[in-house]
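Letter by letter, the chains look like this.
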Amino acid sequence: MTAISRLAQFAVHAVPPLDLREVIAPAIADCFGCILAGSTSEVAMRATRALGGFGAGPCPLFGTNQTLSALFAAQINAIAGHAWDLDDWEEPGNSHPTVVLLPALLAASTFRRTTGAELLAAYAVGTEIIMRLGEAVSLDHYARGFHSTATLGTIGVAGAVSRLLALSADQTAHALSLATSTASGYTLQFGSNTKPLQAGWAARNGLEAAVLAAQGVTGQPHVLDHARGFAGLQGNYDPSVFNAAMGKMGSPWALGEYGLVLKPWPSCGYTHRLMTAAINLRPAVNGRFGGITAIDTRLPDFHAEILPFNHPKSRAEALFSIPACVGQILASGNLTLSDSEDAFWKSPAVSRLIQLTRVTAEPARNPNLNYDPDQPDLLRIEFNDGSAVSEACAFPLGASQNPMTNAQLASKYTALTGQPERAFSDLLAWPDAQDSATFFKGYSNEPA
């Protein structure tokens, strides 16, 4: 069997275990808050103005009073959810899975009445495809410059929507094949509007592949794991590794094995280990802030390559800047959307620390691990009296090994949406909904 055939069989027949709800329910609620917050972002509003006239339909643009066709609603809601880089991500594929899956699934749920349980199963299938494909192509795929949210995410969306729409295994295989031909995106676009646009294209293209396949449109079954297909052209293709990853589908489930990383701060996840270290060092810095003379940071090279903006000139660049993000945490103890709106990287305190920060990239000891516990990020701060403090961080706040509590997630949701914290608790009940589209449509961007 080809990889696509194996994925299709899995998508149709897999039964997610009940305990995955503990991982999936807060991830969906958290991402929904990110969509609401991102609906007023510059990139989402520009995309709405550009695309709004092409796709009238019943699907809501969450956080607004507008509706569009399913394809454009999925695209723009995904753009909104990824606009501030606050949405979750997963380790083996190095992608942001929920922000592409949720908008596409909610758009598809307007085609047929979908319960929360059906939405959960489809989401679980989609993340399993994304994460196991991430293992199959390895982190080399990302290191080559491919934006995994856009590449793996497109294929995962096709599988998830196929499950939601109850397509046959044959139709699902064609959906996965079609999606593979549109699965593209580049990390060189980071720091620009194109990064969230690539998430939007993944949601739209994966959904489109599924509805095309439902009407009998076909694709080649070997396009995913062939030497001249996705695996061979976009990664260091090793058939044995690919087959091993496909053999793990649902045994165990990747969400149970790896969990998800839910993000406390609106910046690239690769800044978060050093930001967590900075949080831990703040008590030692309090009262000595003016005496800081140097800040040294160390991290794996493939992380550092995604964070090239040591002297950011824009908001987008600042969120991919180690000096800016670490400086903001040391100066204030937090990084919020309001801080970004206020150009935190230009504040006198943070600007001074940016000038004092040195970033050192070290060769990854284990390039197959995103967070290698044997190679933590290191932060060292020197003072004018000759003393220094340092901190190592292997797992950032929000990782499954260092998780945010539901109370912290509720506080984040309130900060993003203006709704009370109980609204987040109410959202956690979405798997019990009898009609997913109606359930999520009931939440607006206005304070409740």
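Residues numbered from 1 in each chain as written. Predicted model: local features only at pLDDT ≥ 70, side-chain atom pairs only at ≥ 80, totals over all residues. Heavy atoms only, no water.

**Q** Provide a residue-level description of the overall build of the chain, including the pertinent values.
**A** If you tally the helices and strands in the chain, you get 22 helices and six strands. Here the C-alpha atoms of the chain give a radius of gyration of 21 Å, agreeing with the 22 Å that 2.2 N^0.38 yields for 448 residues. Projected onto its principal axes, the C-alpha coordinates of the chain cover approximately 70 × 50 × 40 Å. Looking at the chain as a whole, 59% of its 448 residues are labelled buried. Across the chain, every contact between residues at least 6 apart in sequence was considered, and the portion connecting residues at least 24 apart equals 77%. Entry remark: accessible area of the chain is about 16400 Å², with carbon and sulfur atoms responsible for 52%. Considering the chain, the positive charge centre built from 28 side chains and the negative charge centre built from 37 side chains are found 4 Å apart. (Helix = DSSP H or I, 4+ residues; strand = E, 2+ residues; numbered from the N terminus. Rg over C-alpha atoms; globule rule 2.2 N^0.38 Å. Buried < 20%, exposed > 50% of the residue type's maximum accessible area, 1.4 Å probe, protein only. Contact = heavy atoms within 4.5 Å. Areas by Shrake-Rupley, 256 points an atom, 1.4 Å probe, with all protein chains shown as cover. Lys, Arg positive; Asp, Glu negative; His and termini not counted. Charge placed at Lys NZ, Arg CZ, Asp CG, Glu CD.)

**Q** Would you mind going over the packing of aromatic side chains in detail, with residue names and values included?
**A** Within the structure shown, the criterion is met by 15 aromatic pairs. Ring geometry for Phe 344 versus Trp 345: centroids 5.5 Å apart, planes at 90°, classification edge-to-face. Of the two residues examined, Phe 344 and Trp 345, each falls in the buried class. Counting every residue linked through ring pairs, the aromatic cluster contains Trp 89, Tyr 142, Tyr 270, Phe 302, Tyr 371 and Phe 395. Of note, Lys 195 hangs over the ring of Phe 190, and the distance from its end group to the ring centre comes to 4.8 Å. A cation over a ring is seen here: Arg 204 above Phe 72, with NZ or CZ 4.5 Å from the ring centre. (Phe/Tyr/Trp six-rings, centres within 6.5 Å; stacked < 30°, edge-to-face > 60°. Lys NZ or Arg CZ within 6 Å of the ring centre and 35° of its normal.)

**Q** Which residues make up the environment of Gly 145, and what values do they have?
**A** Positionally, Gly 145 belongs in the loop between helix 7 (140-143) and helix 8 (148-164). Counting along the chain gives 21 residues from Gly 145 to Ala 124, while the straight-line C-alpha distance between them is 27 Å. Among all residues touching Gly 145, those that are not within four sequence positions of it are Gly 185, Tyr 186 and Thr 187.

**Q** Describe the sheet that holds strand 6 (residues 388-393), and please don't skip the residues or the numbers.
**A** If you walk across this open sheet you meet the four strands as 4-3-5-6, and the pairing is mixed. On the outer flanks of this sheet lie strand 4 (357-362) and strand 6, each paired with one strand and no other. Taken pair by pair, the neighbouring strands of this sheet meet at an average axis angle of 15°, ignoring direction. Looking at chain direction, strand 5 (residues 377-383) and strand 6 are connected through six bridges and run antiparallel. When the sheet's bridge partners are listed, Glu 382 is paired in strand 6 with Ala 388. Packed on one face of the sheet, helix 19 (residues 348-356) meets strand 3 (292-300) and strand 4 and runs near 65° to strand 3. (Pairing = 2+ DSSP bridges. Axes fitted to C-alpha atoms, helices over the stretch in contact; angles between N-to-C directions.)

**Q** Tell me what's going on with helix 3 (residues 42-51), and back it up with residues and numbers.
**A** Looking only at helix 3, the buried set comprises Val 43, Ala 44, Ala 47, Thr 48 and Leu 51. In a view along the axis of helix 3, the buried residues occupy a sector of 135°, so they form one face of it. (Arc of directions from axis to C-beta.)

**Q** Before we move on, could you go through the pattern of salt bridges and cite the residues and values that matter?
**A** Tallied over the entire structure, the rule returns 17 salt bridges. Between Asp 30 and Lys 412 there is a salt bridge, with the nearest N and O atoms lying 3.0 Å from each other. Separated by 382 residues along the polypeptide, Asp 30 in helix 2 (residues 21-38) and Lys 412 in helix 20 (residues 406-417) bring together distant segments of the chain. On the accessibility criterion, Lys 412 (8% relative accessible area) is buried. For Arg 358, the salt bridge identified is with Asp 296, shortest N-O distance 3.1 Å. Taken together, the residues span a long stretch of sequence, with Arg 358 in strand 4 and Asp 296 in strand 3 at a distance of 62 residues. For Asp 296, a relative accessible area of 17% puts it in the buried group. Via salt bridges that share partners, Glu 128, Arg 132, Glu 135, Lys 248 and Glu 257 belong to a single interconnected network. (Salt bridge = Lys/Arg side-chain N within 4 Å of Asp/Glu carboxyl O.)

**Q** How would you sum up helix 1 (residues 3-13)? Please name residues and give values.
**A** Within helix 1, burial applies to Ala 3, Ile 4, Leu 7, Ala 8, Phe 10 and Ala 11. Along the axis of helix 1, the buried positions cluster into a sector of 165°, meaning they face one direction only. Of the surrounding secondary structure, the elements contacted by the buried residues of helix 1 are helix 6 (116-137), helix 8, helix 9 (169-180) and helix 12 (239-247).

**Q** Any details on the packing of helix 2 against helix 6? Residues and values, ideally.
**A** When two helices pack together, you describe them by how their axes are tilted relative to each other and by the distance separating the axes. It is at 11 Å that the axes of helix 2 and helix 6 come closest, and there the two elements cross at 95°. Taken together, helix 2 and helix 6 sit at an angle that is classed as roughly perpendicular. Across from Arg 21, Ile 24, Ala 27 and Ile 28 in helix 2, the residues of helix 6 making contact are Leu 120, Tyr 123 and Ala 124. Taken together, the residues that form the contact of helix 2 with helix 6 break down as six nonpolar, no polar and one charged. (Parallel < 35°, antiparallel > 145°, perpendicular 65-115°, else oblique. Nonpolar A, V, L, I, M, F, W, Y, C, P; charged D, E, K, R; others polar.)

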